[in-house]
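Survey of secondary and tertiary structure
Residue strings, one per chain:
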Amino acid sequence: MPRTAQRTIAHAVPAAALLLAVTACSTTPDTTPAASPSQGSPRQSATDRPTTEPSEENSAMHIRLMTDGHSVDAALNDSSTARDFAALLPLTLDLDDFQETERIADLPRKLSTDGTPASSDPKAGDLAFYTPWGNLALFYRDGHPSPELVILGHLTDRGDIARLADADRVRIQPAS
């Protein structure tokens, strides 16, 4: 079997199992994305994701980012990567600017990316994981689509986005 076919199968099988588990355990209306014929797995692009639906908010983990003495609230999505990120909390991270679009920070370890979307189109206010570098990205401007970027969640108040642009340090913890 060709290597690319083996990789496709290796990624499709866990994703299909996750889809079955989510569908079987869901108590809210099904918001699981349909499989894309070109991708072969139930992965959703970030441009198709709802910004705030009641079912997303009910399953979201709420977190708080503290920057320069100010509190900024965010909601993580229910992806395996976001759950893996939540397991690292609380975290205090030093931030650097990247391309005048996002603040980035190294995480203590790489996150699991099983069952993640095929591509992400980051928007201002998104929290994301960049897989090649293993870092966290906090977008204060819209970014460019990337197959290597996994959206973890978003700020709950878009008015707080400007606070990210100049932040040098962030403390991230579960919201109480």
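The structure reproduced in this document is the subject of the present report. Predicted model, so just to flag it, every value in this text is computed and none were measured. (Residues numbered from 1 in each chain as written. Predicted model: local features only at pLDDT ≥ 70, side-chain atom pairs only at ≥ 80, totals over all residues. Heavy atoms only, no water.)

A few words on the overall build of the protein chain. When helices and strands are tallied, the protein chain shows 4 helices and 9 strands. When the helices and strands of the protein chain are listed from N to C terminus, the series reads α-α-β-β-α-β-β-β-β-β-β-α-β. Going through the 176 residues of the protein chain one by one, you find that 38% of them count as buried. When contacts within the protein chain are restricted to residue pairs at least 6 apart in sequence, long-range pairs at least 24 apart make up 64% of them. A total accessible area of about 9,700 Å² is found for the protein chain, and carbon and sulfur atoms account for 52% of it. (Helix = DSSP H or I, 4+ residues; strand = E, 2+ residues; numbered from the N terminus. Buried < 20%, exposed > 50% of the residue type's maximum accessible area, 1.4 Å probe, protein only. Contact = heavy atoms within 4.5 Å. Areas by Shrake-Rupley, 256 points an atom, 1.4 Å probe, with all protein chains shown as cover.)

We now examine the sheet that holds strand S1 (residues 61-67). Within the open sheet, the 9 strands sit side by side as S3-S9-S1-S2-S8-S6-S7-S5-S4. Their pairing is antiparallel. Strands at the two margins of the open sheet, each flanked by one partner only, are strand S3 (91-94) and strand S4 (96-98). Between one strand and the next, the sheet's axes are offset by a mean angle of 30 degrees, whatever the strand orientation. Both strand S2 (residues 70-76) and strand S8 (residues 149-155) contribute to a ladder of 3 bridges, which runs antiparallel. (Pairing = 2+ DSSP bridges. Axes fitted to C-alpha atoms, helices over the stretch in contact; angles between N-to-C directions.)

All right, on to the side chain of Asp 121 then. Here Asp 121 is to be found in the loop between strand S5 (102-106) and strand S6 (126-130). Here Lys 123 takes part through its side chain, which lies 3.4 Å from a polar atom of the side chain of Asp 121. (Polar contact = N/O pair within 3.5 Å; in protein donor to acceptor, adjacent residues only side chain to side chain.)

Quick look at the pattern of salt bridges now. Counting across every chain of the model gives 7 salt bridges. Asp 78 is the partner of Arg 83 in a salt bridge, and the nearest nitrogen-oxygen pair spans 3.2 Å. In this structure, the salt-bridge partner of Arg 103 is Asp 168, at a minimum N-O distance of 3.2 Å. On the criterion of sequence distance, the pair formed by Arg 103 in strand S5 and Asp 168 in the loop between helix H4 (161-165) and strand S9 (169-174) is long-range, its members being 65 residues apart. For Arg 103, a relative accessible area of 7% corresponds to the buried category. Three or more residues are tied together by salt bridges with common partners; here these are Asp 97, Arg 103 and Asp 168. (Salt bridge = Lys/Arg side-chain N within 4 Å of Asp/Glu carboxyl O.)

When you tally the buried positions in S8, you get 7 out of 7 residues, the bulk of the element. With 5 bridges connecting them, S6 and S8 associate as antiparallel partners. The residue of S8 that forms the bridge with Tyr 130 is Leu 149.

This paragraph deals with the pairing of S5. Counting buried positions along S5 gives 4 out of 5 residues, so the element sits mostly inside the fold. Bridging between S4 and S5 involves 3 bridges; their strand directions are antiparallel. Across the sheet, Asp 97 pairs through a bridge with Arg 103, a residue of S5. Between S4 and S5, which pair antiparallel in sequence order, lie 3 residues; one of them, Gln 99, sits at a positive phi of approximately 55 degrees. Where S5 lies against strand S7 (residues 135-139), 5 bridges are found, and the strand directions are antiparallel. Within the sheet, the bridge partner assigned to Ala 105 lies in S7 and is Leu 136.

Next up on the list: the nonpolar core. Core analysis: the largest hydrophobic core is formed by 30 residues, its most contacted members being Ile 63, Leu 65, Phe 85 and Ile 172. If near-sequence neighbours (up to four positions away) are discounted, Ile 63 is found in contact with Val 72, Asp 73, Ala 74, Leu 76, Phe 85, Leu 89, Leu 127, Ile 172, Gln 173, Pro 174 and Ala 175. Counting 6 residues, the second largest nonpolar core, distinct from the first, contains Ala 128, Phe 139, Leu 149 and Ile 151. (Core = buried A, V, L, I, M, F, W, Y, C linked by side-chain atoms within 4.5 Å.)

Keep in mind that most residues, glycine aside, have a negative phi and that most peptide bonds are trans. Between Leu 89 and the following residue, Pro 90, the backbone shows a cis peptide bond with an omega angle of 5 degrees. Within the element layout of this structure, Pro 90 appears in the loop between helix H3 (80-86) and S3. Phi is positive for Gln 99, close to 55 degrees, though the residue is something other than glycine. Note that Gln 99 resides in the loop between S4 and S5. Unusually for a residue other than glycine, Glu 100 sits at a positive phi of about 50 degrees. Along the chain, Glu 100 falls in the loop between S4 and S5. We classify Glu 100 as exposed; its relative accessible area is 55%.

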